[in-house]
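# Tertiary structure, described
Okay, here's what each chain looks like letter by letter:
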Amino acid sequence: MNETIRNDFPILKRTVYGKPLIYLDNAATTQKPRSVVEKITEEYYNVNANIHRGVHFLSQQATEVHEEARRTVQKFINAARPGEIIFTRGATESINLIASGFVYELMSPGDEIIISGMEHHSNIVPWQIQAARYDISIRVIPVNEDGELDMDTFVNLFTKKTKLVSVTHISNVLGTVNPVKELIRIAHEHNVPVLIDGAQAVAHQKVDVQELDADFYAFSGHKVYGPTGIGILYGKEKWLDKIPPYQGGGEMIASVSFEKTTFNGLPFKFEAGTPDYIGSAALAIALDYINDIGLPEIAAYEDRLLHYATQRLTAIEGIRIFGPSRNKSAVISFLAGNIHHYDMGMLLDRLGIAVRTGHHCAEPLMHRMGVEGTVRASFAFYNTMEEIDSLASGIEQVCRMFQKNCK
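Residues numbered from 1 in each chain as written. Predicted model: local features only at pLDDT ≥ 70, side-chain atom pairs only at ≥ 80, totals over all residues. Heavy atoms only, no water.

Close approach of charged atoms allows side chains with opposite charge to pair. Summed over the entire model, instances satisfying the criterion amount to 23 salt bridges. In this structure, E148 and R326 form a salt bridge, with 2.8 Å as the shortest nitrogen-oxygen distance. Here E148, found in the loop between strand 6 (137-141) and helix 6 (151-156), pairs with R326, found in the loop between strand 13 (319-322) and strand 14 (331-336); they are 178 residues apart in sequence, far enough to count as distant. When its relative accessible area of 11% is taken as the criterion, E148 is described as buried. (Salt bridge = Lys/Arg side-chain N within 4 Å of Asp/Glu carboxyl O. Helix = DSSP H or I, 4+ residues; strand = E, 2+ residues; numbered from the N terminus. Buried < 20%, exposed > 50% of the residue type's maximum accessible area, 1.4 Å probe, protein only.)

Listed below in structure tokens is the structure:
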């Protein structure tokens, strides 16, 4: 990727502790191109009015911008219709929406849901809350030594009580790209719907929900170069029609009396209250920005970054990289000897290098790997090979400080 693209991200020009910022925490959140930030300003200054219920010009204009953003998302993931796109606050709320409504309406005590051993807490805790509330069971697909799902065990997890599968598309810790199309195919052979947590996927590869045959797909705007506080839940119309509203309030109703409320149709049934219509407009700009670069080009470039980073880091004595999957996205989780991940992250920060440390909201996976946490470097299309060289040099510098601890 060229300097023109980096110029679209003003934050990349700033310094940290007198060092040029090297931002390698993209799995946590991506930076925003100038066009996204400008869109937020433009909307607030020129088109700000509450949507859907107003007859005046600004309200109608804001409504059209919001609904056009929904159509942009629809096209981005190739949903069949705009009504299958629900605006939420993020992937976490999207998963909670399904966990709440699906379990309440379509599951009974003793029923089972299948998740995987590499899930983010956002795809574990909502199901545990529902399990405690409705006495359902959670079954877990194991993770093998290569950081991949044990597909043979997955096949054998299904019983007559299995009602839903919910798995991540790409691990936020390991970078493993799961065979979600195959997972969906197997689940559908048992007439079981599938929810895919796509928070780590949509910014890195083309997602076609119809080609995958996903029943539900969730992602967050802030991980795909859009603003914080907005996300997407895609759901097949046949399933969304069966699930009750997640929240009550304005917009999600058809009529209200003290005796009875009837609900609005899709997608509004799930969008109670004033939506983030400014955020939706900015998210659409972010998706357009990605499309202009091209997801195939992004994927190819980030793959080169990943392979180069893997080569550079494995050459450092004492480095352990977790998750050597055959199919991997642009994430490297590592430890250097017995240097604590927090110490490594803090010292790299002093060199201007932003990485993530800790359990990455995936404590069960950490237990599986036998560690408390890792250092995670995650890459985006605006990162460079030179930044990876700086990362490797920084790790070597920290290792020299600790000497024996890095071997």
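Let's shift gears to the nonpolar core. Of all hydrophobic cores here, the largest spans 97 residues; its most connected members are Y217, F381 and I395. Looking at this core, the element that brings in the most residues is helix 10 (residues 277-293), giving 8 residues. Ranked by size, the runner-up nonpolar core spans 25 residues in total, among them I95, F102, M107 and F270. (Core = buried A, V, L, I, M, F, W, Y, C linked by side-chain atoms within 4.5 Å.)

Pairing is mixed across the open sheet formed by 7 strands, whose spatial order is 4-10-9-8-7-5-6. Each edge of the open sheet carries a strand with a single partner, namely strand 4 (85-88) and strand 6. Each neighbouring strand pair of the sheet contributes to a mean axis angle of 20 degrees, computed without reference to strand direction. Alignment of strand 9 (residues 216-220) against strand 10 (residues 231-235), held across 5 bridges, turns out to be antiparallel. Counted as the bridge partner of A218 is L233 from strand 10. Across the sheet, helix 5 (residues 125-134) lies against strand 5 (112-116), strand 6, strand 7 (162-168) and strand 8 (194-197), angled at about 150 degrees from strand 6, the strand it touches most. (Pairing = 2+ DSSP bridges. Axes fitted to C-alpha atoms, helices over the stretch in contact; angles between N-to-C directions. Contact = heavy atoms within 4.5 Å.)

With that settled, the discussion passes to the sheet that holds strand 16 (residues 356-358). In a beta sheet, neighbouring strands pair by backbone hydrogen bonds and run either parallel or antiparallel. The antiparallel open sheet is built from 4 strands, whose spatial order is 13-14-17-16. A single partner strand is all that each edge strand has here, and the edge strands are strand 13 and strand 16. Mean inter-strand twist for the sheet, computed between neighbouring axes without regard to direction, equals 30 degrees. Across 4 bridges, the pairing between strand 13 and strand 14 is antiparallel. Directly across from R320, in strand 14, lies its bridge partner L335. Across the sheet, helix 11 (residues 295-314) is in contact with strand 13 and strand 14; its angle to strand 14 comes to roughly 10 degrees.

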